[in-house]
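Chain residues, written in single-letter form:
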Amino acid sequence: MSINLHAARPHPRFTRRQMLSRLAGGVGLAAIASGATHHPAKAKRLIYIVLNGGLSQVDTFDPKPQLSRYNGQPVPGGAPKTERATGALMQSPFRFLRASSCGTEVSEIFPRLATLMDDCCVIRSMYTDVPNHEPSLFLLNCGAIQPGRPSLGSWLMYGLGTENQNLPGFVVLCPGIPVVGPPLWSSAFLPAVFQGTFLKNESADPYALIRHIQPQADSGLQRRQLDLLARLNRQHAAARDNDSQLEGSIAAMETAFRMQTEAPEAFDVRLESESTRARYGDSDFGRSCLMARRLVERGVRMVQIYYGNSQPWDNHADILVHQRLAAKTDPAVASLLEDLKSRGLLDDTLVVLGTEFGRTPAVETGASTPVQYGRDHNSYGYSVVLAGGGVKGGITYGATDDFGFRAVENRTHNHDLNATLLHLLGLDHTRLTYNYSGRDFRLTDVHGEVVHSILR
Amino acid sequence: MGGLRLDTESGFRTGGKSGQPAAALLLTALRGGAPGIKAMPPGKPLPASEIDTLSRWLDSGAPWPQAHWAFQPLPPATHSLDHWLDAGLARHSLPPAPPADRRTLIRRLSFDLTGLPPFYWQVDDQPGWESRFVDQLLASPHFGEHWGRHWLDVARYGEDDFSGTAVQPYPNAWRYRDWVVNALNRNLPYNKFLMHQIAGDLMGDPAGTGFMGLGPWYYGISQPPQARADERHDRIDVVSRGMLGVTLACARCHNHKYDPFTQKDYFALAGVFSSTAYKEYPLVPAAEAQAWQARKQALAAAEKALKTFLDEQAALLREQHAPGLSRYMLATLTGDPTGLHPVLYERWCNYLQKPEEFHPFLKSWFASPSPQAAQAFETLLLDIAREKKIIDAENKAIIAAAEKVAAKPLRTIILPGGYRSEEDFNPNADVPIKSLERDRFVAYNRTFLEGAAPLRFPPDILPQFLAPAAKARYDELLATRDRLKQELPPKFPYFDGLAEFDPHDLPVDLRGNPETPGEIVPRRFPLVLSNNTPLPLTDGSGRRQLAQAVAHHPLAARVAVNRVWLHLFGEGLVRTPSNFGLAGDRPAHPELLDYLAARFIALNYDLKALIREIVLSRAYQRSSEGSGDNRYFARQNRKRLPAEPLRDAMLAVSGTLDLTIGGPSAELTPQFRRRTLYAKVGRFQAEDTLSLFDHPSAAVTCEQRVVTNVPLQKLFFLNSDLVLTQAAALGRLIPQQDLASIYHRAFFRPPTAEESQAALQFLTEGGSYAQLAQVLLATNEFAYVD
């Protein structure tokens, strides 16, 4: 079932045409992946959690003592332009904890995550291009601020295929719909088969989640149908030189037959014990994280989780809302990391706790917010947490200025993050290209540098 | 070698700042450099063999490569399609495949020309039947449906967009789709077909301008200058790649890396689209449309008046009921609401049951509920309310002052749905105002404003608190609003198109960034496409001139015939159908492509005549038997049916397909019986079944569909409602007709004895007719065309 990517040979450089003819031939998604990394992969799979709306770095993973000292004073040198008006510096209402031996400080609103920092790398010098949600979400996912480019997961499916033919390889979970929605997991000009399989996981019933997975005939009868079909298809193919696309189609039907039993089991979090479900927390997000674990255990290449519908972390008016959101995030992410680790999966599963941008250390004062205790969008500096999959644990990388406004040291653009994620998964972001209408496109466009110093 | 360019002959011959021709210095640079001459390429020298090749090229006088094939004029059309193809095959020593048999050819022609299975047609068997059958198919209105969809892929046809916050539907989009279908059916010459889509409004019929009127529009996805620039980018992309097969859109941030397009070429064309506006074209008399708009505005005004009244009254009621709120708090202790308003009492009860964390100033009340604690809370709330009133008044003045000085936009750009481009989805977010201190605001908010606040007066409960005079005013406002709402008819039909706008030139955006404008460039056609003589596009927006230049450029004909070839052979002669530039594919048979393009022009851009000529060629009618690469078309290609004909064929053979032509789109449900062309095409969210079968994204122009063959598609055949519904319908036909006629419908041939035997065995072992039908629909033979 799974393919050993660690024994990867040099990438055979499929042309688009070869790749498509294999797909059309029904060779399937797994076969494309056989050994097809550019270099040995540290991570085989990726769980990308998006705390959508904009996680405030200075209240979570980027402690700024100077912000407390200068609380209420103007931003020295003035604040960079963000979406809305901002005023004086505002200290975090939260304390920071040192709860791991590495000493990485984490806000008290993530008490369990704070104890797992020995396995985590916090990049504190992230930045992106635009202080608005939509373009930043597009950039995070698709490497461009406008629609029409393939998403990270689609690129992974194109580059690596999936480890498990019986499950979709790129799954996106959200209880409803995040801001922007489907274009964020689109395959754009890549084959449609690479697009994310989006599941509104407000229901725990897998048959309600996955289309066409409920067998419509009892298995004995369905088997007889498939036998008859195979017989007719065999005769048809034999008269046509056993054309590979016809052969592939026959194989794909057998795989589909097996998927009917394997896929529902993979998505069914009700098969987990009561205590396990309790550890993740009885919330949509907790269920997403638990489902993600079950899926990567079964060889799904990428699971992306949006924290919630619309953009819950967009706390313009009251930063204390972060505390309420973190109360659901902390147990779920911590349990996910603990479980992956205890099962030996964290070594080759990369977990990203990300967001589309950060928030301003200065208080928001614009007329569209009713009270001034929140923070505006901040594309100039934010934090992202990485764990497992070949990333050094127990470190922080880069830094923002004294107040946490701008990334200043080891600045890491979202393109650099994407380049690094692809690198960990065995792909060279400059060589993972798709020739579309005569031009080679890639996730990072013409940008991106792998952040080598955070790699194990 | 500063300033040196090696991608043009003149750059190479004159050299860079050093003043020396490149030929003199090139080898020195390649061989590791010298003082003042950098080693090239930096860091990794070329292999010796490549340097040797360049050296020999320089020795022979550095002949410059011939100008790119695709930019050359077309030679006159001589000989025939088969002449050029056979000559090409002979050159590659490839024996042509034998002709396909009659049954295969009928099925191929039927699907290729109409997207429908062959059992619909009567085909005679006299000599020359092929041309009579082709004429029948070309005359069928289903021809336009099938070939219209091919164009809609290029036209990135979609029926909605993402506004930045929500889906923006285009309920009249289907009118453009029908325009395309009709244009193909009435055989509008292809040059006119293109021109109408760029500038139909200037040619007396704006219907074709839905090509761009339907977007994509990016609304508030990003800041207005960026979003508008991205929209122009789409227009440049769809015209240059979709119609001309050149990737001019690559020259947005810098000159093109491969092709002779400059950034100025890009912005010279962008100016044409900047001088063009979206326009909603009503399909009713102007007076009727205006009357509807007036009623719509009256309704909006009535809604606003009602809301203003409710807001004012709610504020008054808050002021009126805040004093004495402590009485309600105390009553929740005793359970005795005597003398209190029952609605408010109940809400206070609910409110005070919430956990303490929600009440920043209720700690002492929860610690020990007492009259003192209640009174203290009331006093505090009244104080906060007083402060809030003062702050609100101050903020109102601040905002009014800010709005007075705000710059007016240069041009008001209106997008579909009346969306004003400069419209701020977040008004006054950049104006700093004053605010209550956080905990005081939270206390106020939770008492007066948010969802379950006890002293909130939402519209559903507010009327019962009004004094008689106010209640009468409310009833009047409500009645007016309700009457206007009820009387407003559905919006009149219209289509989305283009119109002229204030003509102006655009600056080059440095590095493609609209916030850093550079030199202004006059509107003109890309230089290399007009023999390097500027072709101004300055008559109005310049769209009329652009349409003329695009539609009659040899590239347009080359691209068109290649697309036709692609749809009839499964692959183009050029396998990058939207890129005929240097980085694109070279034609498999260059003379054949040029012949077809010249022939197409000689036929006065008659698309049906072109298709007729191709499908009646020996080349088209060859068998698809054989294996291996078929780059040179020595045989036909076996093709899998795309999403639309695949579903249409399922409905057709099971007897449920409704062949009505045209009209509004509908959701693709299992109950939907019309051709798949009439299913809604989402740009925001691709339709699940269509994209499962490789329907392209409607966000960008699609040059060619990919074909995938994956288990998820097979699950669809096993378990989807759509397939099961069709299988049930086909199954019902089996006992009525017999297996032979079912096979005729599904495969256009009788079953073999073995197949009949297998079917019979399946039925006798307990399989139902519907289950047998499902198997037939799921076969490869059903989905593939030889």
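Here the residue numbers are simple positions, counted from 1 along each chain's written sequence. To label them, take the chains in the order written and letter them from A, then take the ligands in the order written and number them from 1. Local features in this predicted model are restricted to residues whose pLDDT is 70 or higher, and side-chain atom pairs enter the listing and the counts only when it is 80 or higher, whereas totals over whole chains, interfaces and linings include all residues. Processing note: side-chain calculations cover all non-hydrogen atoms of the structure and skip hydrogens and water entirely.

## Regarding the overall build of chain A
Secondary structure elements follow DSSP: runs of H or I no shorter than four residues count as helices, runs of E no shorter than two count as strands, and numbering proceeds from the N terminus. Tallying secondary structure elements over chain A gives 13 helices and 18 strands in all. Each radius of gyration is computed over the set of C-alpha atoms, and the globule rule expresses the reference value as 2.2 Å times the number of residues to the power 0.38. Against the 2.2 N^0.38 benchmark of 23 Å for 456 residues, chain A shows a C-alpha radius of gyration of 23 Å, consistent with a compact globule. C-alpha atoms of chain A, sized along the principal axes, occupy 80 × 50 × 45 Å. Expressed as a percentage of the 456 residues in chain A, the buried residues total 67%. Each accessible area value is a Shrake-Rupley result obtained with a 1.4 Å probe; residue values ignore everything except the protein chains displayed when judging cover. Element-wise, carbon and sulfur atoms account for 48% of the exposed surface of chain A, whose accessible area totals about 14300 Å². Charged-residue counts in this description rest on Lys and Arg as positive and Asp and Glu as negative, His and the chain ends being excluded. Each charge is placed at NZ for Lys, CZ for Arg, CG for Asp and CD for Glu. Separation between the mean location of the 46 positive side-chain charges and that of the 44 negative ones in chain A comes to 4 Å. We call a residue buried when its accessible area falls under 20% of the maximum for its residue type, exposed when it is over 50%, and partly exposed in between, using a 1.4 Å probe and counting protein chains only.

## As for empty space enclosed by the protein
Residues and elements named next belong to chain B. Buriedness for pockets is judged along seven lines, at least five of which must meet protein on both sides within 12 Å for an open set on the 1 Å grid over protein atoms alone, while cavities are sets there where a 1.4 Å probe fits but cannot get out, and lining residues have an atom within 4 Å of a point. Grid points are joined across faces, edges and corners, and a volume is the space filled by probe spheres set on the points. Per the stated rule, a full pass over the model turns up 13 cavities of 30 Å³ or more. What the largest cavity holds in volume is close to 150 Å³. Taken together, Trp147, His150, Trp151, Val154, Leu184, Tyr190, Phe193, Ala560, Arg563, Val564, His567 and Leu607 form the lining of the largest cavity. Mapped onto the lining of the largest cavity, the elements with two or more residues apiece are helix 7 (141-154), helix 9 (190-199) and helix 21 (554-569). Here the lining of the largest cavity is built from residues that sort into 9 nonpolar, 2 polar and 1 charged. Gly falls in the polar group here, along with every residue not listed as nonpolar (Ala, Val, Leu, Ile, Met, Phe, Trp, Tyr, Cys, Pro) or charged (Asp, Glu, Lys, Arg).

## A word on the interface of chain B and chain A
Tallying the contact residues gives 86 residues for chain B and 77 residues for chain A. Throughout, the accessible surface (probe 1.4 Å) given up by two parts as they are put together, summed over both, is called the buried area. Interface area for chain B against chain A, summed over the two sides, is near 6900 Å², with a carbon-plus-sulfur share of 58%. One side-chain nitrogen of Lys or Arg within 4 Å of one carboxyl oxygen of Asp or Glu is enough to make a salt bridge. Viewed at the interface, chain A and chain B are joined by 4 salt bridges. Arg638(B) is the partner of Asp243(A) in a salt bridge, and the nearest nitrogen-oxygen pair spans 2.7 Å. Think of a polar contact as two N or O atoms within 3.5 Å of one another; within protein, one of them needs to be a possible hydrogen donor and the other a possible acceptor, and neighboring residues in sequence only count if both atoms come from side chains. Linking chain B with chain A are 23 residue pairs in polar contact (both at pLDDT 80 or more). Going through the elements one at a time, helix 11 (224-244), helix 18 (438-449), helix 25 (688-692), helix 26 (711-719), helix 29 (753-764), helix 30 (769-777) and helix 31 (780-783) of chain B are the ones with two or more residues in the side of chain B that touches chain A. Looking at the side of chain B that touches chain A, the element that brings in the most residues is helix 26 of chain B, giving 8 residues. For the side of chain B that touches chain A, the residue count by class is 37 nonpolar, 29 polar and 20 charged. The contact definition used throughout considers only heavy atoms, calling two residues in contact when any of these lie within 4.5 Å.

## What about the pattern of salt bridges?
If you walk through the whole model with that rule in mind, you get 83 salt bridges over all chains. Put simply, Arg84(A) and Glu364(A) hold a salt bridge, and the shortest N to O gap is 2.9 Å. Linking Arg84(A) in the loop between helix 3 (65-69) and strand 2 (86-89) with Glu364(A) in strand 10 (residues 358-364), this pair joins segments that are 280 residues apart in sequence. Take Arg84(A): its relative accessible area is 12%, and that puts it in the buried class. What makes Glu364(A) buried here is its relative accessible area of 0%. The residue Asp234(B) makes a salt bridge to Arg156(B) at a minimum N-O spacing of 2.8 Å. Remark: Arg156(B) occurs in the loop between helix 7 and strand 1 (160-162) and Asp234(B) occurs in helix 11; sequence separation between them is 78 residues. Judged on exposure class, the residue Asp234(B) and its partner Arg156(B) are both buried.

## Let's talk about the sheet that holds strand 11 (residues 375-378) of chain A
All names here are of chain A. Ordered by their spatial adjacency, 3 strands build an open sheet running 2-10-11, and the pairing between neighbours is antiparallel. Of all the strands in the sheet, the pair left with one neighbour each is strand 2 and strand 11. Across the sheet, the mean angle from the axis of one strand to that of its neighbour is 60°, orientation sign disregarded. Pairing between strands is defined by DSSP: at least two bridges between the two strands are required. Of the strand pairs in this sheet, strand 10 and strand 11 are connected by 3 bridges, and their pairing is antiparallel. The residue of strand 11 that forms the bridge with arginine 359 is histidine 377. To obtain an axis, a line is fitted to C-alpha atoms, over the contacting stretch when the element is a helix, and the angle between two such axes runs from 0 to 180 degrees between their N-to-C directions.

## Focus: helix 9 (residues 244-267) of chain A
Along an α-helix, a turn takes 3.6 residues, which lines up residues three or four apart on a common side. All names here are of chain A. Over its 24 residues, helix 9 runs 32 Å from end to end, which matches the ideal 34 Å to within 8%, given 1.5 Å per residue. Roughly 45° is the biggest bend found in helix 9, and it falls at methionine 259. Its side-chain oxygen 3.0 Å from the backbone nitrogen of glutamine 245, aspartate 243 forms the N-cap of helix 9. Each helix should span, by expectation, one fewer than its residue count multiplied by 1.5 Å. Two axes enter the bend calculation: one fitted to the seven residues ending at the residue in question, the other to the seven starting there, and the bend is the angle between them.

## Description of helix 12 (residues 321-342) of chain A
With 22 residues, helix 12 of chain A should reach 32 Å at 1.5 Å per residue; the first-to-last C-alpha distance of 32 Å fits that figure. Where helix 12 of chain A bends most, at Ala327(A), the angle is about 30°, and the proline Pro331(A) comes one to four residues later.

## What to know about the pairing of strand 1 (residues 45-50) of chain A
Residues and elements named next belong to chain A. Most of strand 1 sits inside the fold, with 6 of its 6 residues counted as buried. What you see with strand 1 is no split at all: Arg45, Ile47 and Ile49 on one side and Leu46, Tyr48 and Val50 on the other are buried throughout. Relative to strand 9 (residues 349-354), strand 1 runs parallel, the two sharing 6 bridges. Its bridge partner being in strand 9, leucine 46 is matched across the sheet by leucine 350.

## Quick notes on unusual backbone geometry
Residues and elements named next belong to chain B. For the bond running from glycine 215 to proline 216, omega is 10°, close enough to zero to count as cis. Within the secondary structure, proline 216 sits in the loop between helix 10 (210-213) and helix 11. Positive phi is not limited to glycine here, since arginine 511 has a value of about 50°. Here arginine 511 shows up in the loop between strand 7 (506-509) and strand 8 (517-521). A relative accessible area of 65% places arginine 511 in the exposed class. For asparagine 532, which is not glycine, the phi torsion reads 60° and is therefore positive. Looking at where asparagine 532 falls in the secondary structure, it is placed in the loop between strand 8 and helix 20 (543-551).

## Description of the side chain of Thr444(A)
Residues and elements named next belong to chain A. Relative to the elements of secondary structure, threonine 444 occurs in the segment after strand 18 (439-441). Within polar-contact distance, the side chain of threonine 444 engages the side chain of histidine 429 at 2.8 Å. A distance of 3.0 Å separates the side chain of threonine 444 from the side chain of arginine 442, its partner in a polar contact. Beyond its immediate stretch of four places on either side in the chain, threonine 444 contacts His415, Asn418, Ala419 and His429.

## Digging into the confidence of the model for chain B
Do not read the fine detail of predicted coordinates wherever pLDDT is low. Here pLDDT means the predictor's own confidence in every residue, given as a number from 0 to 100. In this model, chain B carries an average pLDDT of 92, and 97% of its residues clear a pLDDT of 70 or more. Listed scores for the predicted complex are pTM 0.83 and ipTM 0.83.

## Looking at the state of the cysteines
Residue and element names in this part refer to chain B. Cysteine sulfur atoms are paired as a disulfide whenever they fall within 2.5 Å. Applying the stated criterion across every chain yields a total of 0 disulfides over all chains. Not part of a disulfide, cysteine 702 finds its nearest cysteine sulfur in cysteine 250, a span of 17 Å. Taking relative accessible area as the criterion, cysteine 702 reaches 10% and is therefore assigned buried.

## A closer look at the packing of aromatic side chains
Any Phe, Tyr or Trp ring, taking Trp's six-membered ring, that has another such ring centre within 6.5 Å forms a pair; planes under 30 degrees apart are called stacked, those over 60 apart edge-to-face, and the others tilted. All chains considered together, the criterion is met by 42 aromatic pairs over all chains. Considering the side-chain rings of Phe61(A) and Phe110(A), the 5.2 Å spacing of their centres and the 15° angle between planes classify their relative orientation as stacked. Note that Phe61(A) is positioned in the loop between strand 1 and helix 3 and Phe110(A) in the loop between strand 4 (105-107) and helix 4 (111-114), a separation of 49 residues in sequence. Comparing Phe61(A) with Phe110(A) shows no difference in burial state: the two are buried. A network of ring pairs unites the aromatic residues Trp151(B), Tyr157(B), Tyr176(B), Trp179(B), Tyr190(B), Phe193(B), Phe211(B), Phe600(B) and Tyr605(B) as a single cluster. Note on geometry: a ring has a charge over it if NZ (lysine) or CZ (arginine) is within 6 Å of the ring centre and within 35 degrees of the ring normal. Arg108(B) extends its terminal NZ or CZ atom over the ring of Tyr620(B), reaching a point 5.7 Å from the ring centre.

## Quick notes on the confidence of the model for chain A
The predicted model of chain A has a mean per-residue pLDDT of 89, with 92% of residues at 70 or higher. Between residues 1-13 of chain A, whose pLDDT stays under 50, and residues either more than four places distant or in other chains, the model counts 36 contacts.

## Some remarks on the nonpolar core
The nonpolar side chains of a soluble globular protein tend to be buried, and buried together. Ranked by size, the top nonpolar core spans 234 residues in total, and within it Ile49(A) and Trp151(B) carry the most contacts. Top contributing element to this core by residue count: helix 21 of chain B, with 10 residues. For Trp151(B), the residues in contact, after removing those within four places along its chain, are Tyr176(B), Val180(B), Tyr190(B), Phe193(B), Leu194(B), Gln197(B), Phe211(B), Gly242(B) and Met243(B). Counting residues in hydrophobic clusters, the runner-up holds 63 residues, among them Ile123(A), Met157(A), Trp185(A) and Tyr434(A). Take the buried residues of types Ala, Val, Leu, Ile, Met, Phe, Trp, Tyr and Cys, join any two whose side-chain atoms come within 4.5 Å, and each joined set is a nonpolar core.

## As for the side chain of Thr329(A)
Position of Thr329(A) relative to the elements: it lies in helix 12. Residue classification places Thr329(A) among the buried positions, given a relative accessible area of 0%.

## Considerations on the packing of helix 6 (residues 129-139) of chain B against helix 23 (residues 607-615) of chain B
When two helices pack together, their arrangement is given by the angle between the helix axes and the distance between those axes. Residues and elements named next belong to chain B. Taken N-terminus to C-terminus, the directions of helix 6 and helix 23 make an angle of 145°; their axes are 11 Å apart at the nearest point. Classified by chirality, the crossing of helix 23 by helix 6 is right-handed. Contact with helix 6, carried on its side by Ser131, Val134, Asp135, Leu138 and Ala139, involves Lys608, Ile611, Arg612 and Val615 of helix 23 and no other residues of that element. Taken together, the residues of the contact of helix 6 with helix 23 break down into 5 nonpolar, 1 polar and 3 charged. Throughout, a crossing is termed right-handed when the near helix is turned clockwise from the far one, and left-handed when it is turned anticlockwise from it by less than a right angle.

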